[in-house]
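This is what each chain is made of:
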Protein chains: 2
Amino acid sequence: MNLESLNTPAALIDVERMQRNIARMQQRMNALGVKFRPHVKTTKCEQVVRAQMDAGASGITVSTLKEAEQFFACGVRDIVYAVGMAPTKLPQALALRRQGCDLKIVADSVVCAEAIVAFGREHDERFEVWIEIDVDGHRSGIAPEDDMLLTVATILSDGGMPAGGVLAHAGSSYDYDTHDELVRIAEQERAGCVRAAERLRAAGLPCNVVSVGSTPTALAAEHLQGVTEVRAGVYVMFDLVMHNVGVNDISEIALSVLTTVIGHQSEKGWAIVDAGWMAMSRDRGTQRQKQDFGYGLVCLETGEVLGEYLMSGANQEHGIISRAGSADQQIEKRFPVGTRLRILPNHACATGAQHPAYLAVQSDGTVETWPRFYGW
Amino acid sequence: MNLESLNTPAALIDVERMQRNIARMQQRMNALGVKFRPHVKTTKCEQVVRAQMDAGASGITVSTLKEAEQFFACGVRDIVYAVGMAPTKLPQALALRRQGCDLKIVADSVVCAEAIVAFGREHDERFEVWIEIDVDGHRSGIAPEDDMLLTVATILSDGGMPAGGVLAHAGSSYDYDTHDELVRIAEQERAGCVRAAERLRAAGLPCNVVSVGSTPTALAAEHLQGVTEVRAGVYVMFDLVMHNVGVNDISEIALSVLTTVIGHQSEKGWAIVDAGWMAMSRDRGTQRQKQDFGYGLVCLETGEVLGEYLMSGANQEHGIISRAGSADQQIEKRFPVGTRLRILPNHACATGAQHPAYLAVQSDGTVETWPRFYGW
């Protein structure tokens, strides 16, 4: 199979770029002296995760228990489910642990900790629980100085489910776009999570793991003293949002959507393609960033970036390609019907999720199908 | 299976509402004296399409050839693929026709018409081609007064692939929100498409089918003289975008996402749920409408609408529920951890696409799994 034989739309992975992205992150983590635990929600793809493990990753992070089940079936044992545990999902987590999966679960409230203790005792299972720490007001977690931290850890410890660690995610790092700001938010993430661990230990409570991470903070952190591991996901593909944040060049984006020109509205300077939001996702993450890429940045089929052309609109199975700024009245000649283009996505996690499989393009031009799963 | 036994997040269909939506549209089409050809891209689900056919639909509309293949395998023969034909997809269309599928394909350019003629002759296949008409500058198609219409029809006719009809979609109808505006755009869609058909016939070219439609125009049209069939998709579920357009009450929305509260940030008035954009989609279609519903409108598990609460933010597997206007400091008591809620979506097509199956809730409370497919 080669590029020319593919049906469109299709999600392409440039394998050489992916391998470089993996190596870059792993080398950085090695230099900073921490373990690296990739977040597999970005790709949900065995071949990608195998490449991450082969490069030196220690275990994985998942966003759903289905991801845990799928990757445990692929042979990965060390898994953290980094979303606050819904009590109703405890049977599913228990089943994984009973099969030998070293699954860690997350809590950030008294109610959740109590539910884990009650369920664990009832089923004679000693869950390993990590406490989620809020370092930037982004979403979930307990602030490091909040005494609820000690309350939750004590409930777990007294209940026989000692907290194995603390975990933070500075999701607000996506809101910045200068190196200095990223260094600052990375340090805030590190310091907050380490502080939470110190408070637990000072109170005589266990806390072995100090886990932090997001792609921007992982790549910006100047040191990671006190941290034991880092988590990041989107770095494996990178995307236009991350480019605007300032952590990757456009030439490092490993994911694109192959599409075919199916028509034109010449007076408007539009080419119509067979990739719409179903193939790109509805993610408009660059809308409020320093450069708005619409639904994606247009490249030739070879991957050469055409800096001026964007997917400026999208319906379900139609995309509108136009030149930023002024309409290209010659677009019908530039991109005749049948022309194949690649579109770089705003958000690799969201675009990947629209596709049943990736088409992995090797450096010799051969193409392999790499399935990805979805659902819960 | 019942509601209480479902894992979350899950895409629920209220079957009674769905049946009412189907009946409402079919009765309207019957009264207007036209055939009705539902667009199955909204659900890609056999059980839903069967209900539409049972209510009186004549054939289906698809947005991908995979939909055509899947529904032909379910026994539907009369199918129009309503996206401009990419020449590279002609072998796939040919295979369907050779199996007995009465597949109609669409062209809106000389290049496309010539490609169909060349391929059809080469394979001795007489494709039925409909010409796409642009009635509102929304996306694709040939304007009714543009002489390219006659050129394309002549190429097809001379090449032995006579145009079977004309097809228009007033996609801009989504941009309006008053009855008068919808009546006007419906009439514009009708008149433009009928005019194109008249021009073809006046030139001695065949044109049997005059196909128009979108959910808003189908529900607003005062008459459909000259039209032979109507297409619409989202009406089967309705959603918050259509509610803002003014074509459905919130109580008619048949699709929702069941989710579980997993935590809180009480000072901010946030409840965190286990449905994020992966379950809702990134569709923010209500953002520029008269009422912005964030990522969706919150209901109790029973379906009772809580008018003040929205999903105000979404990460991949986390949603943030908050009260519109002022923060609800009591949200932790109102929606404790483990509470199950339903979220009504902005856009039923986009939200459905995130799920491997619907969970169809019957009026007696029993639940069936209705699979849906994805990909191309």
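For chain A, the name recorded in an unreviewed UniProt entry is DSD1 family PLP-dependent enzyme, with Paraburkholderia phenoliruptrix as its organism. Check the Sequence similarities (unreviewed entry) section of the UniProt entry for chain A; it says "Belongs to the DSD1 family."

Moving on, we come to the packing of aromatic side chains. One pass over the full model with this rule turns up 9 aromatic pairs over all chains. For the ring pair F36 of chain B and Y235 of chain B, a centre distance of 5.3 Å and an interplane angle of 75° mean the geometry is edge-to-face. Of the two residues, F36 of chain B sits in strand β2 (residues 35-38) while Y235 of chain B sits in the loop between β9 (229-232) and α9 (240-245), which places them 199 residues apart along the sequence. The ring of W270 of chain A has K268 of chain A sitting right over it, with the charged end atom 4.4 Å from the ring centre. Seen from the ring of Y176 of chain B, R184 of chain B lies directly overhead, with NZ or CZ sitting 5.3 Å from the centre.

To continue, consider the pattern of salt bridges. As enumerated under the stated definition, the model contains 38 salt bridges over all chains in all. Notably, a salt bridge pairs D14 of chain A with R17 of chain A, separated by 3.5 Å at the nearest N-O pair. Across the pair R20 of chain B and E16 of chain B runs a salt bridge, and its minimum N-O distance is 3.7 Å. With a gap of 4 residues between them, R20 of chain B and E16 of chain B both fall in helix α1 (residues 15-32), about one helical turn apart.

Residues and elements named next belong to chain B. The sheet built from 8 strands is open, its strands ordered β2-β9-β8-β7-β6-β5-β4-β3 with parallel pairing. In the strand order of this sheet, the two ends are held by β2 and β3 (60-62), each with one partner. On average, adjacent strands in this sheet sit at an angle of 30° to one another, irrespective of strand direction. Sheet analysis places strand β7 (residues 163-168) next to strand β8 (residues 209-212), joined by 3 bridges and oriented parallel.

Residue and element names in this part refer to chain A. Taking strand neighbours across the sheet as the criterion, the 8 strands line up as β2-β9-β8-β7-β6-β5-β4-β3 in an open arrangement whose pairing is parallel. Here the strands that pair on one side only, and so sit at the sheet edges, are β2 (35-38) and β3 (60-62). The average angle at which neighbouring strand axes cross in this sheet is 30°, direction not considered. As paired elements, strand β4 (residues 78-84) and strand β5 (residues 102-107) share 4 bridges and run parallel to each other. Across the sheet, residue I79 finds its bridge partner in β5, namely L103.

What follows is about the interface of chain A and chain B. Between chain A and chain B, the residue contacts involve 56 residues of the former and 56 residues of the latter. Buried area between chain A and chain B, summed over both chains or domains, comes out near 4,900 Å², and the portion from carbon and sulfur atoms is 54%. Sorting the residues of chain A by area buried against chain B places R139, Y374 and W376 of chain A first, and these three jointly supply 18% of that buried surface. Across the salt bridge formed by K89 of chain A and D274 of chain B, the nearest N and O atoms sit 2.4 Å from each other. Connecting chain A to chain B are 20 residue pairs in polar contact (both at pLDDT 80 or more). Elements that contribute at least two residues to the side of chain A that touches chain B include exactly β4, β10 (255-265), β11 (270-273), α10 (277-280) and α12 (348-352) of chain A. The element contributing the most residues to the side of chain A that touches chain B is β10 of chain A, with 4 residues. Considering only residue class, the side of chain A that touches chain B consists of 20 nonpolar, 23 polar and 13 charged.

The rules behind each value
- Residues numbered from 1 in each chain as written.
- Chains lettered and ligands numbered in written order.
- Predicted model: local features only at pLDDT ≥ 70, side-chain atom pairs only at ≥ 80, totals over all residues.
- Heavy atoms only, no water.
- UniProt positions renumbered as here; feature names shortened; annotations may be inferred.
- Phe/Tyr/Trp six-rings, centres within 6.5 Å; stacked < 30°, edge-to-face > 60°.
- Helix = DSSP H or I, 4+ residues; strand = E, 2+ residues; numbered from the N terminus.
- Lys NZ or Arg CZ within 6 Å of the ring centre and 35° of its normal.
- Salt bridge = Lys/Arg side-chain N within 4 Å of Asp/Glu carboxyl O.
- Pairing = 2+ DSSP bridges.
- Axes fitted to C-alpha atoms, helices over the stretch in contact; angles between N-to-C directions.
- Contact = heavy atoms within 4.5 Å.
- Buried area = accessible area lost by both parts, 1.4 Å probe.
- Polar contact = N/O pair within 3.5 Å; in protein donor to acceptor, adjacent residues only side chain to side chain.
- Nonpolar A, V, L, I, M, F, W, Y, C, P; charged D, E, K, R; others polar.

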